[in-house]
Amino acid sequence: MANERVTEDLVDGLLRKLGYYDDENAIIVEKQQSAVQAIRTALSKASKTGKGGVGYPEFIITAPGTPDIVVIVECKAEVSKHESKDRDKPANYAVDGVLHYARHLSPNYTVIAIAVSGTEKASLWSFFLMPKGESEPRDLLAPHGAPVEHLIPMDDLIRAASFDPLVHRQRERDLILFSQEMHEFMRDEAEMSEQEKPLAVAGTLIALGNEVFAKTYDAYPAKELPAFWMQTIKAEVQKAAIPVPKVENMTQPFTNIEVQPELRKPTKGYPKGLLNEIVRLLADRVLPFMTIYHDYDVVGQFYGEFLKYTGGDGKGLGIVLTPKHVTELFSLIPNLNKDDVVVDPCAGTGGFLISAMMQMAKTATTQTELQSIKRDRLIGIEQRPQMYALAASNMILRGDGKANLYQGSCFDTAIVKAVKEHVSSADAPLRPNVGLINPPYAKSKSDLSELRFVENMLDMLDKGGTGVAIVPVSCATASSAEKTNIMAKHTLEAVMSMPPELFYPVGVVTCIMVFKAGIPHAVSNKKSWFGYWRDDAFIKVKNLGRVDHHKTWPAIRDRWIEAWRNREVHPGESVTAMVGPKDEWVAEAYMETDYSSLSQKDLERVLLDYALFVLKGSQPEEDAD
């Protein structure tokens, strides 16, 4: 008679062969019961008989570094008991049983479910993925799309699960919600200021990159941990080989965190101190993202959401955050590649530079080219010390150890000269040929116009380079001396009208301008392209802000970029026109209305919006929850 123990021994032997038992701190293999309380609770009523008793999968495998994924294995001795027709006999079949357990765990975990039947001579294996929050299984696929058909190392299993689109989106959502939790903790428990919160996050993530700190911080008393934290940050920044003056500029803002009295005070709820709790939370909830998604700007996403909650809208730090999908759009408009040199004169947290780095890296084919992008081809300028520290931290965390970040005004003649004469580490001239900018938005007539920042950026670029800016639409519609000055030296290639609520909750309507640097508009003597990019299909969701709820953004983005690159003209979407500095630089001024697509529903919606606007003084908010 077939013995199920033989099948379990087969699995156990393969686990040993593939290194699952090599480091018990990295991978925990348990049989039938788990020491993890959340898993025990989830399986406490998961009996395969359906009578409400405890469920006992043959193997339960977890990795502390990836706490949101659990692997379970269910075995049957005979291959004839591998899978029933309707997968509804969990007590008798391996596939049915492992999916039964997965459904009990998936409310809290992403589950990799493995069904095995047979012996070493003849066995069947099935691999499923049940993303967190889902109840239906899907085949587990490797990152390149091939189905997983045999047992592979734990890292490869996690990588396969992590690249599933549903898992990826769920993790993004979890990260956003965690950023809100962190904001509330820092505000209510640590009484940290708006300026201190993002610095505490950035500094802690840098410190956690130090192996000694990551392993020993928990042993430090509350009063001593801040000094160890600061010492580690300085060591990591110095390790990144940033020039000494920049090291001092970058680390100075963190010293305010070090001396923050609430962080070094043990409390009844947090006997090891609040800084210890902050480090623990970030180590548990954020580091796994950084470890897994090497090609994804996890930290940028976290910063963006965190800063949004920090000041309600980021304005507490003087920031009007550029949405992540717009920073991505900025890397696509100039069609960046590995040979470009990019400058952002108002770098903020470094969002444009990180998006540019990711896009350029996609075209690199060698490690040397990748190093050249990170080391030589990204230049940023940031005036505010705290923002400079955040930008430099962000770049270091993304692996850019020698960020060419200048602290100071982008109008400083010495800095402008240094950017124009930028050279590679091998002393080859590398003047920027692409500029990306979201300038400070003027709050009064006495503030410097946004177009002055744009002009300054364009003047830094090599002749024929591409400058991309996002500015208030008033810059495009009103006649101004700045428009005249820009056109006298540069060519207006395109203007795209952006969604009215793009910067929600900040109420500013914007457009994207694209210029060719160093060639006067009159010399180019050609029409400019105007795109009506008003609808990115993002909607407002409670606690999440504006999100791509229906997952339509990639298709919209690709259509926009294709239309721009080919200068396509479509009624209601885009148009070309010969314009001068006194003309309006927006699609709405020249575009033909596509009346054929209008419906009664459109009219009713506009009338309803207007009625609500009049009654409430604001537009109705969509709620996707």
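Whatever comes next refers back to the structure up there.
Enquirer: What's the story with the sheet that holds strand E5 (residues 123-130) in this structure? I'm lost.
Expert: Strands pair in a sheet through their backbones, by hydrogen bonds, and they do so in one of two ways: parallel or antiparallel. The six strands lie next to each other as E1-E2-E3-E4-E5-E6, forming an open sheet whose pairing is mixed. Edge positions in the open sheet fall to strand E1 (28-30) and strand E6 (138-139), since each of these has one partner strand only. Relative to strand E4 (residues 110-118), strand E3 (residues 69-76) is paired through eight bridges, and the arrangement is parallel. Looking at the pairing, valine 70 lines up with valine 111 of E4.

Enquirer: Even after reading the chapter, I still don't get the packing of helix H14 (residues 324-332) against helix H23 (residues 553-565), so can you show me in this structure?
Expert: Helix-helix packing is characterised by the crossing angle of the two axes and by the distance between the axes. Running from amino to carboxyl end, H14 crosses H23 at an angle of 30°, the nearest separation of the two axes being 11 Å. By the criterion of interaxial angle, the relationship of H14 to H23 is roughly parallel. For H14 against H23, the interelement crossing comes out right-handed. The residues of H23 that touch H14, namely those facing His325, Glu328, Leu329 and Leu332, are Trp553, Arg557, Trp560, Ile561 and Arg565. Broken down by class, the residue content of the contact of H14 with H23 amounts to five nonpolar, one polar and three charged.

Enquirer: Sorry, what's going on with the packing of aromatic side chains here?
Expert: In this description, a pair of aromatic rings is defined by centroid distance and the angle of the planes. Applying the stated criterion across every chain yields a total of 16 aromatic pairs. Judged by centre distance (6.3 Å) and plane angle (75°), the ring pair of tryptophan 229 and phenylalanine 254 falls under edge-to-face. Within this pair, whereas tryptophan 229 is found in helix H8 (residues 225-239), its partner phenylalanine 254 is found in the loop between helix H9 (244-251) and helix H10 (255-258), the two being separated by 25 residues in sequence. Taken together, a centroid distance of 6.0 Å and an interplanar angle of 55° make the contact between tryptophan 529 and tryptophan 564 tilted.

Enquirer: Explanation requested: the pattern of salt bridges in the structure shown.
Expert: As a working rule, side chains carrying opposite charge can pair if their charged atoms are close by. Using the criterion set out here, one finds 36 salt bridges in the structure. Residues lysine 48 and glutamate 74 are paired through a salt bridge, measuring 2.4 Å at the closest nitrogen-oxygen approach. Residue lysine 48 is located in the loop between helix H2 (37-43) and strand E2 (59-62), and its partner glutamate 74 is located in strand E3; the two are separated by 26 residues in the primary sequence. Here lysine 48 and glutamate 74 have matching classes, each one buried. Across the pair lysine 132 and aspartate 174 runs a salt bridge, and its minimum N-O distance is 3.2 Å. Residue lysine 132 is found in the loop between E5 and E6, and its partner aspartate 174 is found in helix H5 (residues 165-188); the two are separated by 42 residues along the sequence.

Enquirer: Help me understand the packing of helix H18 (residues 413-420) against helix H19 (residues 450-460), please; the structure alone is not making it clear to me.
Expert: Their axes nearest at 9 Å, the elements H18 and H19 cross at an angle of 40°. Overall, the two elements H18 and H19 adopt an arrangement that is oblique. In contact with Val416, Val419 and Lys420 of H18, H19 contributes Asn456, Asp459 and Met460. When the residues that make up the contact of H18 with H19 are grouped by side-chain class, the tally is three nonpolar, one polar and two charged.

Enquirer: Quick question: what am I supposed to make of helix H15 (residues 351-361) here?
Expert: Along an α-helix, residues three or four apart share an orientation, since each turn contains 3.6 residues. In terms of burial, H15 is a largely internal element, nine of the eleven residues being buried. Inspection of H15 places Gly351, Phe352, Leu353, Ile354, Ser355, Ala356, Met357, Gln359 and Met360 among the buried residues, and these make up the whole buried set.

Enquirer: Sorry, what's going on with a nonpolar patch on the surface here?
Expert: A grouping of Tyr610, Phe613 and Val614 is seen on the molecular surface, where their side chains present a nonpolar patch of about 340 Å² in accessible area. Relative to the helices and strands, valine 614 resides in helix H24 (residues 600-616).

Enquirer: Sorry, what's going on with the nonpolar core here?
Expert: The nonpolar side chains of a soluble globular protein tend to be buried, and buried together. Formed by 88 residues in total, the largest nonpolar core has its most connected members in Ile333, Met496 and Ile512. Ignoring anything within four residues of it in the chain, the contact list for methionine 496 reads Ile333, Cys511, Ile512, Val514, Trp529, Gly531, Trp533 and Trp564. Cys346, Met457, Ala469 and Cys511 belong to the second-largest nonpolar core, a separate cluster that totals 39 residues.

Enquirer: What's the story with the state of the cysteines in this structure? I'm lost.
Expert: Simply put, disulfide is the name for a covalent bond between the sulfur atoms of two cysteines. The tally for this structure, following the rule as stated, stands at zero disulfides. Free cysteine: cysteine 346, not disulfide-bonded; nearest cysteine sulfur from cysteine 410 at 4.4 Å. Distance from the sulfur of cysteine 475, which forms no disulfide, to the nearest cysteine sulfur (cysteine 511) is 7.1 Å. Under the relative-accessibility criterion, cysteine 475 is labelled buried at 7%.

Reading the values: rules and limits
- Residues numbered from 1 in each chain as written.
- Predicted model: local features only at pLDDT ≥ 70, side-chain atom pairs only at ≥ 80, totals over all residues.
- Heavy atoms only, no water.
- Pairing = 2+ DSSP bridges.
- Helix = DSSP H or I, 4+ residues; strand = E, 2+ residues; numbered from the N terminus.
- Axes fitted to C-alpha atoms, helices over the stretch in contact; angles between N-to-C directions.
- Parallel < 35°, antiparallel > 145°, perpendicular 65-115°, else oblique.
- Left-handed = near helix turned anticlockwise from the far one by under 90°.
- Contact = heavy atoms within 4.5 Å.
- Nonpolar A, V, L, I, M, F, W, Y, C, P; charged D, E, K, R; others polar.
- Phe/Tyr/Trp six-rings, centres within 6.5 Å; stacked < 30°, edge-to-face > 60°.
- Salt bridge = Lys/Arg side-chain N within 4 Å of Asp/Glu carboxyl O.
- Buried < 20%, exposed > 50% of the residue type's maximum accessible area, 1.4 Å probe, protein only.
- Patch = residues over 30% accessible without salt bridge, like charges linked within 9 Å, V, L, I, M, F, W, Y side chains within 5 Å.
- Areas by Shrake-Rupley, 256 points an atom, 1.4 Å probe, with all protein chains shown as cover.
- Core = buried A, V, L, I, M, F, W, Y, C linked by side-chain atoms within 4.5 Å.
- Disulfide = S-S within 2.5 Å.

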